[in-house]
Amino acid sequence: MTVPQQLRDRVSALSSPDDLAQPAMTWRPASWRNRLSRERDARASLDYPGLIDELASATTPGTGDGQHRIGRIDVAQFASSEGLRPGDGELVTDAVVRAFIAPMIWGYGLVGYGPYRTERVLFRGGDAPDKVAIGQLRDVAAVALSQGGTAAFKHIADQRRTNRAYLKYPGPAFGTKFIYFLTKASPADTTPVMDSVVTGWVQRNVPDAGTFNLSWWDSGSYERYVGLMNDWASDLPSSSAHAWAADDVELLIFQDARGVAIPESENVTAESMLDDLGAETDARGGNVDKVGVLLVEALREWFALTLSPDQ
């Protein structure tokens, strides 16, 4: 499928490929530490406040009181295959969980309910409240590192067909953030984030590309999306110093849809609300009871095709 002219224009406007960079997101370590401290008792497997402190110490202090900034490069470092599996040995549990929390922080930024939604993924109750989620995150990381991002996505989709509680709550928009950084920091082919901002842009500008499901784990939809990003990357003009990758295309689209600057705001956007609503309906029914997810997907499509980014 032909590269949209908007992407070619955005590439032409760059003085060099190195200019393609997303500003770091602002976050408050105290908000995450306080939320995850709720499980700091004998039942929790890990020292979650300690993990947040590690993330805070590795990110840059922001301009606001108690704020830090976390960028794509920071998150990729937390997901490096050497850190997750030193010497190609066993996965390190603390490192896997840190590699999951980091993209959640990056994705939510200052949005107040980000720590709550992340806590809900990690803790399921019982005598070992985080044991199940940790095991599932380790499984996903192992597949992503050894087989790639589309295989990791398919693994989650296959597991959720028989176990609705498998990796419950993040949904594809935030689940692909975890998968993206796992592949970005490993030898595996990088598979990009798929969220409402980027898929909405595609629907508005390239309607022949079809729609992409974000309210349940549809591996065919993600494979089409990754294939499209890779096809456009290969068709963009490259140089000896830089060849475009799928995640470059995702970022180009994100910037064309939302602008280069990231707003310093605690307000949620319509796209993030749709992603969270889709994750919630998937957790409650998903592709087993599709009434809720189909309603969300219809709303997502209406929003993408009806409203401009400025409305």
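Residues numbered from 1 in each chain as written. Predicted model: local features only at pLDDT ≥ 70, side-chain atom pairs only at ≥ 80, totals over all residues. Heavy atoms only, no water.

Novice: Break down helix α2 (residues 29-36) for me, citing the residues and quoting the values.
Specialist: Those residues of α2 not exposed but buried are P29, W32 and L36. Down the axis of α2, the smallest arc covering the buried residues is 70°, so these residues share one side. As for α2, its buried residues are in contact with β1 (25-27), α3 (48-57), β3 (68-70), α6 (93-108) and α7 (114-122). (Buried < 20%, exposed > 50% of the residue type's maximum accessible area, 1.4 Å probe, protein only. Helix = DSSP H or I, 4+ residues; strand = E, 2+ residues; numbered from the N terminus. Arc of directions from axis to C-beta. Contact = heavy atoms within 4.5 Å.)

Novice: For the packing of helix α8 (residues 131-147) against helix α10 (residues 171-184), give the residues involved together with the corresponding values.
Specialist: Taken N-terminus to C-terminus, the directions of α8 and α10 make an angle of 45°; their axes are 9 Å apart at the nearest point. Classified by the angle between their axes, α8 and α10 sit oblique to one another. Crossing geometry of α8 relative to α10 is assigned as right-handed. Here L137, V140, A141, A144 and L145 of α8 come into contact with α10, specifically with F178, I179, L182 and T183. (Axes fitted to C-alpha atoms, helices over the stretch in contact; angles between N-to-C directions. Parallel < 35°, antiparallel > 145°, perpendicular 65-115°, else oblique. Left-handed = near helix turned anticlockwise from the far one by under 90°.)

Novice: Which residues make up the sheet that holds strand β2 (residues 60-61), and what values go with them?
Specialist: Here we have three strands laid out as an open sheet, ordered β1-β3-β2, and antiparallel in their pairing. The strands lining the two open edges of the sheet, one partner per strand, are β1 and β2. Where β1 lies against β3, three bridges are found, and the strand directions are antiparallel. Bridge pairing links W27 to H68 in β3. (Pairing = 2+ DSSP bridges.)

Novice: Kindly report on the packing of α8 against helix α9 (residues 149-162), identifying the contributing residues and their values.
Specialist: Taken N-terminus to C-terminus, the directions of α8 and α9 make an angle of 150°; their axes are 7 Å apart at the nearest point. Classified by the interaxial angle, the pair formed by α8 and α9 is roughly antiparallel. Relative to α9, α8 is oriented so that their crossing is right-handed. For the pair α8 and α9, the contacting residues are D139, V140, V143, A144 and Q147 in the first and G149, A151, A152, H155 and I156 in the second. The class makeup of the residues in the contact of α8 with α9 is six nonpolar, three polar and one charged. (Nonpolar A, V, L, I, M, F, W, Y, C, P; charged D, E, K, R; others polar.)

Novice: Tell me about the nonpolar core, and name the residues and values.
Specialist: Core analysis: the largest hydrophobic core is formed by 88 residues, its most contacted members being Y48, I101, L122, V202, M229, W232 and I253. With 11 residues, α6 is the single largest residue contributor to this core. In this structure M229 touches P192, V202, A246, V249, E250 and I253, once residues within four positions along its chain are discounted. (Core = buried A, V, L, I, M, F, W, Y, C linked by side-chain atoms within 4.5 Å.)

Novice: Tell me about the layout of surface pockets, and please be specific about residues and values.
Specialist: Taken as a whole, the second largest pocket encloses approximately 260 Å³ of empty space. Lining of the second largest pocket is provided by 13 residues; of these, L20, R72, I73, Y180 and K184 occupy positions nearest its centre. Breaking the lining of the second largest pocket down by element, the ones donating at least two residues are α4 (72-78), α10 and α13 (246-258). Counted by class, the lining of the second largest pocket contains seven nonpolar, two polar and four charged residues. (1 Å grid on protein atoms, 1.4 Å probe; cavity = no way out; pocket = protein on both sides within 12 Å on 5 of 7 lines; lining within 4 Å. Points joined across faces, edges and corners; volume = space filled by probe spheres on them.)

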